[in-house]
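These are the residues of each chain, in order.
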Amino acid sequence: MHLHELTFAALGPFRDEQHIDFRELTAGGLFLLDGPTGAGKSTIIDALVFALYGQVAGGNSSKHRLVSDHRDRNAEPFVELVFETGRGIFRVRRTPEFERPKKRGEGTVTQQASVKLWKATSPDGLDGDPLSTRAGEADAEILEAIGLTREQFVKTVVLPQGEFARFLESKSDERRDILQRIFGTEHYEQVQEDLRRRRVAARQECDRADQQVRFATESFVDGVGLDDDGARAVSDLTEVAITATARERDEADAVLLARIVDIHTGLETQHQACELRHAEVEATRHEAANHLHELEQHRERRDRLRAARAAKDQLEAERSEQEERERRLDAGRRAARCESSIHALDDVRGRLDTAQRRVEDLRATVELPGIDVATARHQDVSRTHRELRDIVIGLEDVLEVEARLPDRRDQLTTLQRDRTKLAANLETIESRCTALPAEIASVETELDAARKTAASLDSLRHERTGIHELLSVHDALVAARHQHESAETAHQDALRRLAEASELESDLRRRYLAGIAAEIADELVDGEPCRVCGATEHPAPATRAAGDVTREQVESAEQARKEREHERDARQQDVTRASTRVAELEGRLDGHTDDELRRRLSETDAAIDAAETAQQRVGELGENLDRHRQELDDLTEERRQAAADIAGVDAQITALSEAIDRDEARVASERAGFSTIAARVADLERRAHAAEQLASALADVERHADEHTRREREVDEVITAAGFPTEDDARSALLPAAELDDLETAVQDWSRRMHEVDGRLAAPDLVGVDPDAHIDVTAARTELDRRDGEFEELQRAMATSDQRLERSHRARAKIVDALLRRRQRYAESEALIRVAGLVNADSPDNALRMPLATYVLQRVFDGVVDAANERLVEMSSGRYALESHEGKQAGSRRTGLGLRVVDAHTGHARGTDTLSGGETFYVSLALALGLADVVTAQAGGLRMGTLFIDEGFGSLDPDTLDNVMGVLADLRSGGRSVGVVSHVEELKTRIPERIEVRRPSASGPSTLHVIA
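Residues numbered from 1 in each chain as written. Predicted model: local features only at pLDDT ≥ 70, side-chain atom pairs only at ≥ 80, totals over all residues. Heavy atoms only, no water.

- The chain is annotated in an unreviewed UniProt entry as Nuclease SbcCD subunit C from Phytoactinopolyspora halophila.
- Its UniProt record gives the chain a comment under Sequence similarities (unreviewed entry), which states: "Belongs to the SMC family. SbcC subfamily."
- In UniProt, the chain has this text filed under Subunit (unreviewed entry): "Heterodimer of SbcC and SbcD." (UniProt positions renumbered as here; feature names shortened; annotations may be inferred.)

This is how it looks when you write it as structure tokens:
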């Protein structure tokens, strides 16, 4: 892959559009990306990776950091890249997610990320065919064109700060994850996991098959009811069959089945003997049951005869009572035929007495004009009643006029009050019409003032936004200063710890050299030459003094000192970054203090509140002005209507007063000495009602007297026909209906019972029965109960035997089926379990104890190490070489993918974490280049035309820097262009082609300049 052009804007510290032509820059094969810390060198690499993959280069960085804080709010951040692969020339343009101002109103809205991809026809990328504008589709096209994922790309083309050093120093588990992501070997672990799951499932199936055999034999033991010894024997044979090896399985199954068959045969023999005994007992039980039945029938006939004779004697004793009941029943029935006539006579006598008493009461209280009430007849009283009713009817019209007079007087009073209110309302309307013009003029003046104040709202809001941004910068500056102080403190602590570690190392090294003779003496062996003098005899070897130091202690102190150096360098970088951040924020703040900004913010907020209030008042005052004007128009119309209403009410008052005077004169003429017409009518109605009641009572007396005479003749006729001498005899024979029914029921019941007893005594089956005979049923029942108990016991034994035999049949079949299924399940699972153990390295068959995925990655990693050593030998002047090992690394859960560095000066291999800062850089660089070679080789020999190396050269001494630059020159001669990202001054003299990144001011945006 070759890069042609990169263009971007509003990214990171860059505000304006920047352009890089890689065709000119890479013509010499090596170029420098130069600039101070924080100026934006890494942003260029992030822009390149973002253009291809939509993500930044650093694994710990967020793509949201791409959007520049310096950009204009309306400017769109973007990156555009033209690149070429074996599939052609492509141009891609991406924009990250960013905030832009709303098109309407205030505030911002999130603009989503976008991508556009073209396939160009020339390296300038200006023409070509569009391929995609969708993120997923464009990503797939670019991945197919490049042939590398982002993870592979940043390990082979763009090497960000610290990424390859992290790979060098990582544990084997972390290194496995990195290599797996790069080389895509996840499917090997998926195979492992799939086989592991299938093995678990197979073992579970085998365990279930074993359990089914146990369940089947346990069901057999429970079903046939074996004793403890028999059950234990079957259980032991079952466990022998389950735990038997594949070679022993057939024999163990046969022994178990033979034992089951023997038990079943014994059950069949027991069942046959039980059936024979059951038939014998059933015959004797039947004979005893027949004998008991005959005795019970004979006893039942004797008891019936005794009961019938006793009932006959009882009924004969009740005969005289029966005859008395029959006599009373006959008299009651005859009296019942006279009862209605007697009751009718009693009723009319009562009504006649009541009517006579009512007439006497009314004659004593009623007064009627023109007649004597004490002797008046029915016709006279009726005529007087009609005359009184005629006078009342003649007064109804005048009564209605009198009743309406109060309401009409109230109506006149209401009209007079309404007239007073209308006059007051007219006066109020005229007063309001006079005051409104002055109020309208006042509202118009206030409206003009509010419009002027509201016009300044937009400028005030813009000013407040600027003050908030400066306050955010001030808060960030305070935090940055605290961070700088913390970094300075940590740096001083690191310097102090480094001094202590260096002093300890010097002391231990001095003491070690002083006691080295004793160390050599420890290695002496009798008969072998001394390394110093060559003698084979050692009469007085040196001995260790108290406090001697070993080589391991010196090496440990040296390692501790190197770790302190690493710590010091890291803390120094923290101080540099913190200082840069403080300077940038101070420049953006431009001398403004927190108090000044907050005072300005308070004043601006107050002015905005006043302007917003004025803006609200504009609408309110406008509506108020409209209401005032409309009110004036409405009041003018109301004044005219009020005058018309007063004239109408005056006319109504005059007409109503005249009508009331006429009606009052008519009522006075008809009172006839009463206070009101209503009082006269009430008196007339009272007299008419009394006359009506007296006339009615006189009519009732005449009617009831006639009916009484008729009822007396009717009673005399009825009692004579019923056979009673007098009315009193008939009345004494009367009985209530319920008592008469009870007598009739008692008579009939005695007759019925007598008939039934006679019938029972005449029954044919009682002929010849001795009522005094003794019959012993108890002995026969006892014998039958004994036979029943024996029979029921045999029934239960038969049922138990049937059930045990049936359960034995079913359980034996289940045992045979379970053994067959178990044998089939084991045959299917054994090969799978063995393969899963080999692949997952958890069985003795895997001699390496290495899972499949780790084995594949180990072979790939060996190739990476071999490729890295080709360059590491040159970079380290032959001192260092990398060595992979398959053993378990400290702090790792699994074996394989271990890494050591072999030091040719000492001949020992040691951990990569013992390297110094500069050694770590070039060893990591060699490893990264080896990784790039293997990745491109596995990608079908893909050739990557450009390689970026981000930082690390400042930790190299001049000789090592020469060696590293020589290796990079070899890369250049192999057809690659190498971009070195660094701010080391010496590299500027070694590499003339470069991209210079500069920031003119501490708080301003960055720019770049290409020198090629």
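From this point, the discussion proceeds with the structure in view.
### Considerations on the sheet that holds strand β12 (residues 898–903)
So, step 1. Spatially, 3 strands are ordered β11-β12-β13 in an open sheet, and the strand pairing comes out antiparallel. Of all the strands in the sheet, just β11 (880–885) and β13 (908–911) have a single pairing partner and so form its edges. On average, each strand axis in the sheet is inclined to that of its neighbour by 40°, with strand direction left out of account.
So, step 2. Alignment of β11 against β12, held across 6 bridges, turns out to be antiparallel. (Pairing = 2+ DSSP bridges. Helix = DSSP H or I, 4+ residues; strand = E, 2+ residues; numbered from the N terminus. Axes fitted to C-alpha atoms, helices over the stretch in contact; angles between N-to-C directions.)

### Let's talk about the pattern of salt bridges
So, step 1. The tally for this structure, following the rule as stated, stands at 82 salt bridges.
So, step 2. Put simply, Glu-631 and Arg-432 hold a salt bridge, and the shortest N to O gap is 2.9 Å. With Glu-631 in helix α17 (residues 594–669) and Arg-432 in helix α13 (residues 396–454), the pair connects residues that are 199 residues apart, well separated along the chain.
So, step 3. Overall, Glu-631 belongs to the partly exposed group, its relative accessible area being 27%.
So, step 4. In this structure, the salt-bridge partner of Glu-444 is Arg-629, at a minimum N-O distance of 2.5 Å. (Salt bridge = Lys/Arg side-chain N within 4 Å of Asp/Glu carboxyl O. Buried < 20%, exposed > 50% of the residue type's maximum accessible area, 1.4 Å probe, protein only.)

### Examining the packing of aromatic side chains
So, step 1. Applying the stated criterion across every chain, the model contains 5 aromatic pairs.
So, step 2. Geometrically, the ring pair formed by Phe-31 and Phe-948 is edge-to-face, given 5.8 Å between the ring centres and 80° between the ring planes. Of this pair, Phe-31 sits in strand β3 (residues 30–34) while Phe-948 sits in strand β14 (residues 946–950); the two residues are 917 residues apart in sequence, bridging distant segments of the chain. An identical accessibility class is assigned to Phe-31 and Phe-948; each is buried.
So, step 3. Arranged with centres 5.6 Å apart and planes meeting at 20°, the rings of Phe-83 and Phe-90 form a pair that is stacked. Take Phe-83 and Phe-90: they sit in the same class, and that class is buried.
So, step 4. In this structure an aromatic cluster arises from ring pairing among Phe-22, Phe-31 and Phe-948.
So, step 5. Over the ring of Phe-724 we find Arg-334, and its NZ or CZ is 5.0 Å from the ring centre.
So, step 6. The ring of Tyr-855 has Arg-859 sitting right over it, with the charged end atom 4.8 Å from the ring centre. (Phe/Tyr/Trp six-rings, centres within 6.5 Å; stacked < 30°, edge-to-face > 60°. Lys NZ or Arg CZ within 6 Å of the ring centre and 35° of its normal.)

### What to know about the confidence of the model for the chain
Regions with low pLDDT should not have their predicted coordinates read in detail.
So, step 1. Model confidence for the chain is summarised by a mean pLDDT of 81, while 92% of its residues fall at 70 or above.
So, step 2. No element of the chain has a lower mean pLDDT than helix α15 (residues 516–522), at 64, and none a higher one than strand β5 (residues 88–95), at 93. (pLDDT = per-residue confidence, 0-100.)

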